[in-house]
Amino acid sequence: ATPIGLLVGTGRGAQLGILIRGPQVLEDTRRVDTVLLDKTGTVTTGHLAVTGVRPLGTLSVAQVLAYAGAAESGSEHPIARAIVEAARGGIAPPESGPEGTAPAGSIAAGLLPVRDFASAPGGGVRAVADSAVVLAGRASWIRENGVALSEADMAALGEAQQAGATAILVAVDGRVEGIVSLRDTVKEGSAAGVARLVGLGLRPVLLTGDNAAVAAGVAAEVGIAAGDVFADVLPEGKVEAVKRLQASGAVVAMVGDGVNDAPALAQADLGIAMGSGTDVAIEAADITVMGSDLRQVGQAIELSRRTLATIK
Ligand code: ADP
Ligand code: MG
């Protein structure tokens, strides 16, 4: 192999905003047949917006949002940012939610004083706000923290999820007080990006910690087969998903942006990070696409393969 071809390939990559870690990466791109795509921040913008709040206890909509916003103020998660923004009264909702759900924009809650913040990746956050213990997160994690969920709570959660929302339960002092519904938006280039992967003969698979209804909606929107969706995956589960596919004979590329994605990026045969992603994800990846656009993922794989063909 002549190293000149490799330099040309990686140099052209840099022009396109595609950073390839080293020549050995090119060979891996040739073997890849399956591309696992993280949802939030990779296929979607990761800029969520609160679309509604549904009270389920004794607190008002404004109170539920105020407690949730306070608890989330210590987290950098996209869900947390959106809830804090809504609690500060900074957003107008794109739509109002189902029956009994108040649009977030009608609420000017402000943030409560908060201390003792703790977060569980893929679970939720816990903090003491205004002397009350507040939990905000997914149902299984809320339950693990000793809060009982009634049938009515679960039904309300199911309704919010069926409506396509990322639904976060809020508990205050051990009682469920409400649900905050959020929505993310698919990135402009994601559908074309998935089509490009399929055009290259690759199988795209969606991977997310979010609920199945949201995952199915996003998959349908970008053209990923319904059977190729892994939802409700805990952070540790992402690396397991890569291993499982590898064990079944697949050669796997993983595309992600979050801290949670880093182990899966490292485990994959080819790790691809979004330039907008966390440093941890970028460090774990073989390729970084600076434009954070899924179209660049197919482009990176194509470019690497073409460079290899030139030098062989
Ligand atoms: P993704 O795979 O979509 O990037 P994560 O693994 O970060 O998602 O989170 C999975 C789920 O865990 C979320 O959909 C949410 O239910 C819950 N969760 C994670 N972080 C938070 C948080 N800061 N506040 C509330 N819920 C959270
Ligand atoms: Mg992500």
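Residues numbered from 1 in each chain as written. Chains lettered and ligands numbered in written order. Predicted model: local features only at pLDDT ≥ 70, side-chain atom pairs only at ≥ 80, totals over all residues.

- In the nomenclature of an unreviewed UniProt entry, the protein corresponds to Carbonate dehydratase from the organism Zafaria cholistanensis.

1. Remarks on the site of ligand 1
Logical step 1: Around ligand 1 sit 23 residues in total, of which Thr40, His77, Gly122, Arg138 and Gly209 are the nearest.
Logical step 2: Among the secondary structure elements, those contributing two or more residues to the shell around ligand 1 are α3 (39–43), α5 (78–87), β5 (124–129), β6 (132–137) and β7 (166–172).
Logical step 3: Of the residues belonging to the shell around ligand 1, the class tally is 6 nonpolar, 13 polar and 4 charged.
Logical step 4: Shared between two domains, the shell around ligand 1 takes at least three residues from each, and those domains are domain 1 (3–45 + 186–311) and domain 2 (49–183). (Near = placed C-beta within 6 Å. Helix = DSSP H or I, 4+ residues; strand = E, 2+ residues; numbered from the N terminus. Nonpolar A, V, L, I, M, F, W, Y, C, P; charged D, E, K, R; others polar. Domains from an automatic or database assignment.)

2. Topic: the sheet that holds strand β12 (residues 270–274)
Logical step 1: With mixed pairing, the 7 strands of this open sheet are ordered in space as β1-β13-β12-β11-β2-β9-β10. Pairing within the sheet leaves two strands with one partner each, and these edge strands are β1 (18–20) and β10 (229–230).
Logical step 2: When strand β9 (residues 203–207) meets β10, the two strands line up parallel, connected through 2 bridges. Looking at β10, one finds that Leu207 is bridged to Phe230. (Pairing = 2+ DSSP bridges.)

3. Digging into the sheet that holds strand β8 (residues 175–183)
As a general point, the strands of a sheet are linked pairwise by backbone hydrogen bonds and lie either parallel or antiparallel.
Logical step 1: The strand order across the open sheet formed by 6 strands is β3-β8-β7-β6-β5-β4, and the pairing between neighbours is antiparallel. Two strands close off the open sheet at either side, each with one partner strand: β3 (49–55) and β4 (114–120). For this sheet, the mean inter-axis angle between neighbouring strands, taken without regard to orientation, is 20 degrees.
Logical step 2: For β4 and β5, the ladder comprises 5 bridges, and the chain directions are antiparallel. By the bridge assignment, Arg115 is partnered in β5 with Val128.
Logical step 3: Contacts from helix α4 (residues 61–72) reach β3, β4, β5, β6, β7 and β8 within the one sheet, and its direction differs from that of β5 by about 105 degrees. (Axes fitted to C-alpha atoms, helices over the stretch in contact; angles between N-to-C directions. Contact = placed C-beta atoms within 7 Å.)

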